[in-house]
Amino acid sequence: MKLWQERLQHQKDSQLSIAAWCELHQIAQSQFYYWQKKLTTSSTEPESVIVPVSMSSSPMTLVVETPGGYRVSVHDASAIALLPQVMKCLP
């Protein structure tokens, strides 16, 4: 990751187009764009946090919405134990 952060900064500082910089350094543009997206996305995504939830004895639905736009609804108190595993599977 550090290598690609340096490469991205080097390209930016060079004032060359991405195509010209990649050709000069013999790097595929697709690889450059892959790392650019990966490093940009990972630095702007919020960190996930799992918060303990206590359930009342009355029937209710627990709804969890993630920053990525996923919505998980739990209608059965016994399924709460599976929620951490489900959350880990979401991007």
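It should be emphasised that the depicted structure is a prediction, and the values quoted were computed from it without experimental measurement. (Residues numbered from 1 in each chain as written. Predicted model: local features only at pLDDT ≥ 70, side-chain atom pairs only at ≥ 80, totals over all residues. Heavy atoms only, no water.)

Student: Help me understand the packing of aromatic side chains, please; the structure alone is not making it clear to me.
Tutor: By the definition in use, this model includes five aromatic pairs. An angle of 90° between the planes, with centres 5.5 Å apart, marks the rings of Tyr 34 and Trp 35 as edge-to-face. Of the residues examined, Tyr 34 reaches a relative accessible area of 48% and is grouped as partly exposed. For Trp 35, a relative accessible area of 18% translates into the label buried. Site record: aromatic cluster; members linked through ring pairs are Trp 4, Trp 21, Phe 32, Tyr 33, Tyr 34 and Trp 35. (Phe/Tyr/Trp six-rings, centres within 6.5 Å; stacked < 30°, edge-to-face > 60°. Buried < 20%, exposed > 50% of the residue type's maximum accessible area, 1.4 Å probe, protein only.)

Student: Just to check I follow, could you spell out the pattern of salt bridges for this structure?
Tutor: Two side chains of opposite charge can pair, provided their charged atoms sit close to one another. According to the stated counting rule, one finds one salt bridge in the structure shown. Salt-bridge contacts for Arg 71 lead to Glu 65; the nearest nitrogen and oxygen are separated by 3.9 Å. (Salt bridge = Lys/Arg side-chain N within 4 Å of Asp/Glu carboxyl O.)

Student: Just to check I follow, could you spell out the environment of Ser 17 for this structure?
Tutor: Take Ser 17: it is sitting in the loop between α1 (2-14) and α2 (18-24). Within the structure, the side chain of Ser 17 is placed 3.0 Å from the backbone nitrogen of Ala 20, a separation counted as a polar contact. (Helix = DSSP H or I, 4+ residues; strand = E, 2+ residues; numbered from the N terminus. Polar contact = N/O pair within 3.5 Å; in protein donor to acceptor, adjacent residues only side chain to side chain.)

Student: Help me out: how do you make sense of the pairing of strand β1 (residues 62-65) in this one?
Tutor: Consecutive residues of a regular strand have side chains that alternate between opposite faces of the sheet. With four bridges connecting them, β1 and strand β2 (residues 71-74) associate as antiparallel partners. Of the residues in β2, the one forming a bridge with Leu 62 is Val 74. (Pairing = 2+ DSSP bridges.)

It is worth stressing that arrangement in space is one thing and function is another; only the former is reported here.
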